[in-house]
Amino acid sequence: MALHLLLLAFSLLFAVATPIRDITDACSSQIKDFQHLNSTALHLELHHPRSPCSPAAPLPSDLPFTAVLTHDDARIASLAARLAKTPSSRPTSLEAATEATTSALLDDSLASVPLSPGTSVGVGNYVTRMGLGTPATQYVMVVDTGSSLTWLQCSPCLVSCHRQSGPVFNPKTSSSYASVPCSAQQCNDLPSATLNPSACSSSNVCIYQASYGDSSFSVGYLSKDTVSLGSTSLQNFYYGCGQDNEGLFGRSAGLIGLARNKLSLLYQLAPSLGYSFTYCLPSSSSSGYLSLGSYNAGMYSYTPMVSSSLDDSLYFIKISGMTVAGTPLAVSSSAYSSLPTIIDSGTVITRLPTSVYSALSKAVAAAMKGTSRASAYSILDTCFKGQASGVSAPAVTLSFAGGATLKLSAKNLLVDVDDSTTCLAFAPARSAAIIGNTQQQSFSVVYDVKSSRIGFAAGGCS
């Protein structure tokens, strides 16, 4: 229980987005000044909660970084199970909660439904604001490139709602709200979006089940309403209206899915905005953005999205090499492609094939031999005394097929785990390599699904 509460508190570690009108005069928006943004796209601003301009709740200063790593490891484990198409080694909390849910919401239809874990959310994910209903009300939402279905907590919360920032959405206050019948195609599409079967209530309303790798879950009614993002609105947006929502979602109202699936926010907005989105994940000293729609194509270097039969909703790319201080790692070129590679907005620590990670660890340690070593910290075994901003770190380049590169600064390479220790922000992979958000911070990253490519540009948050 103590760990559960700790993780829940820490789930606000990362960035919160807010509409321009919510930011005080002292923190007026600078989003119009970001050089990579296209004026015809929809833009939402992102803030790190340690920034004085962040609307996130103040964070306790003594929360250990092990909370982040524990949650990050749960996300990795669930991704591994998802790619292997195997059930979780332990049941999700949703299975235990089904009896209570059944009587209040689902009748007898879900009494023995087996659930598959999705990707963990909360600790490593950035959040933004989404408007819903007519008239529209704003809600703080987790943004996740590894999830498809968008859902949020809904009144009357027949079983359970976790604590959230602001009021819970009440469908009765929206003149454009409608539940989705079991006969609708969108109900049939739910299994591919949630990796769990849909169900049908006694009143013929479609029921979704979204479960995550850390045993968090949301169960409720598939619904449609008008969604508002900035100045853009979309009628008949399909999403989950959660009646049983439990787990580590922080104080968010729910989750926005940006994966490749017809029920994701990306695909539902695509007819009007196009099949692309861009973000810059900020550090604590800057602000960032999520941009939906067109982008300035000439400003990026690209790598192709790789097709994979493992999971066609995730974003796969191919690592082609790494250098430390200009010298390639001492591994074969085939080592980089020994595992499939995913780029993910919600994973904090990048995972590499074991041989690549070992070579990187040795090369970075050799380049930093003048910096005192520190003991391993949880899953991070290459640690140094000091902070990332104060140590002399080597130049590290991460290269991808097609010629795209990430030239990592010290803050992309190292992560401060306490006041006196910084560690290499990489770890060995399990069944897939993952490019995490520490390495993506401050870069503008575009997901161009139509052209099947991902682009990177330096200086995205400046």
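Procedures and definitions
Residues numbered from 1 in each chain as written. Predicted model: local features only at pLDDT ≥ 70, side-chain atom pairs only at ≥ 80, totals over all residues. Heavy atoms only, no water. UniProt positions renumbered as here; feature names shortened; annotations may be inferred. Helix = DSSP H or I, 4+ residues; strand = E, 2+ residues; numbered from the N terminus. Buried < 20%, exposed > 50% of the residue type's maximum accessible area, 1.4 Å probe, protein only. Contact = heavy atoms within 4.5 Å. Polar contact = N/O pair within 3.5 Å; in protein donor to acceptor, adjacent residues only side chain to side chain. Arc of directions from axis to C-beta. Salt bridge = Lys/Arg side-chain N within 4 Å of Asp/Glu carboxyl O. pLDDT = per-residue confidence, 0-100. Pairing = 2+ DSSP bridges. Axes fitted to C-alpha atoms, helices over the stretch in contact; angles between N-to-C directions.

- The name recorded for the protein in an unreviewed UniProt entry is Peptidase A1 domain-containing protein, from Leersia perrieri.
- The UniProt entry for the protein carries the following text under Sequence similarities (unreviewed entry): "Belongs to the peptidase A1 family."

1. What about the overall build of the protein?
Right, so step 1: What the protein contains, in helices and strands, is nine helices and 29 strands.
Right, so step 2: In the protein, buried positions account for 58% of the 462 residues.
Right, so step 3: Put simply, of all contacts in the protein between residues at least 6 apart along the chain, 72% involve residues at least 24 apart.

2. Structural notes on the side chain of S174
Right, so step 1: Residue placement: S174 occurs in the loop between β5 (151-153) and β6 (178-179).
Right, so step 2: Separated by 2.9 Å, the side chains of S174 and D225 make a polar contact.
Right, so step 3: Residue contacts for S174: discarding those within four places in its chain leaves G133, T134, F169 and D225.

3. Some details on helix α4 (residues 185-194)
Right, so step 1: Buried within α4 are the following residues: C187, D189, L190, A193 and T194. When α4 is viewed along its axis, its buried side chains cluster within an angular range of 150 degrees and face the same direction.
Right, so step 2: Phi turns positive one or two residues past the end of α4, at L195, with a value near 65 degrees.

4. Some points on the environment of Q441
Right, so step 1: Residue placement: Q441 occurs in the loop between α9 (437-440) and β28 (444-448).
Right, so step 2: Residue class for Q441 comes out buried when judged on its relative accessible area of 15%.
Right, so step 3: Put simply, Q441 and A458 are 17 residues apart on the chain and 9.7 Å apart in space, counted from C-alpha to C-alpha.
Right, so step 4: Leaving out residues up to four positions away in the same chain, Q441 has contacts with Y126, L281, P282, S283 and N412.

5. Quick word on unusual backbone geometry
Right, so step 1: Going from T134 to P135, the amide bond is cis rather than trans, its omega being 0 degrees.
Right, so step 2: Topologically, P135 is positioned in the loop between β3 (127-132) and β4 (137-144).
Right, so step 3: Cis geometry marks the peptide bond from S155 to P156; its omega dihedral reads 15 degrees.
Right, so step 4: Mapping P156 onto the fold places it in the loop between β5 and β6.
Right, so step 5: Of note, S378 is a non-glycine position whose phi angle comes to about 55 degrees, a positive value.

6. A few points about the pattern of salt bridges
Right, so step 1: Evaluated as defined, the whole model comprises eight salt bridges.
Right, so step 2: Salt-bridge contacts for D311 lead to R82; the nearest nitrogen and oxygen are separated by 2.6 Å. Taken together, the positions of D311 in the loop between β14 (301-304) and β15 (316-317) and R82 in helix α2 (residues 66-84) put the pair 229 residues apart, joining distant regions of the chain. Each member of the pair, D311 as well as R82, is classed as buried.
Right, so step 3: Linking D448 and R453 is a salt bridge whose minimum nitrogen-to-oxygen distance equals 3.6 Å.
Right, so step 4: Classification of D448 as buried rests on a relative accessible area of 7%.
Right, so step 5: Look at the salt bridges and you will find they share partners, linking D72, D73, R351 and R430 into a network.

7. Observations concerning the confidence of the model for the protein
Right, so step 1: Counting all residues, the mean pLDDT for the protein is 82, and 79% of those residues have values of 70 or more.
Right, so step 2: For the stretch residues 106-121, pLDDT sits under 50, and the model shows 64 contacts to residues farther than four places along the chain or on other chains.

8. Section: the UniProt feature "active site" (unreviewed entry) in the protein
Right, so step 1: Per the UniProt record, "active site" (unreviewed entry) is annotated on D144 and D344. For this annotated set, covering 201 residues, all C-alpha atoms fall within 8.0 Å of each other, a compact arrangement in space.
Right, so step 2: In terms of polar contacts, D144 uses its side chain to reach the side chain of R75, at 2.7 Å.
Right, so step 3: By the secondary structure assignment, D344 is in the loop between β18 (341-343) and β19 (350-352).
Right, so step 4: What makes D344 buried here is its relative accessible area of 4%.
Right, so step 5: If we skip the residues at most four places from it in the chain, D344 touches R75, L79, D144, T145, G146, I434, I435, G436, N437 and Q440.

9. Things to note about the sheet that holds strand β16 (residues 319-324)
Right, so step 1: Ordered by their spatial adjacency, four strands build an open sheet running β17-β16-β22-β23, and the pairing between neighbours is antiparallel. Of all strands in the sheet, those with a lone pairing partner are β17 (327-328) and β23 (405-408), marking the two edges.
Right, so step 2: Where strand β22 (residues 396-400) meets β23, four bridges bridge the pair, whose relative direction is antiparallel. Considered in β23, the bridge of L398 is made with L406.
Right, so step 3: With respect to the sheet, helix α7 (residues 354-367) is in contact with β16 and β22, its orientation differing from that of β16 by roughly 20 degrees.

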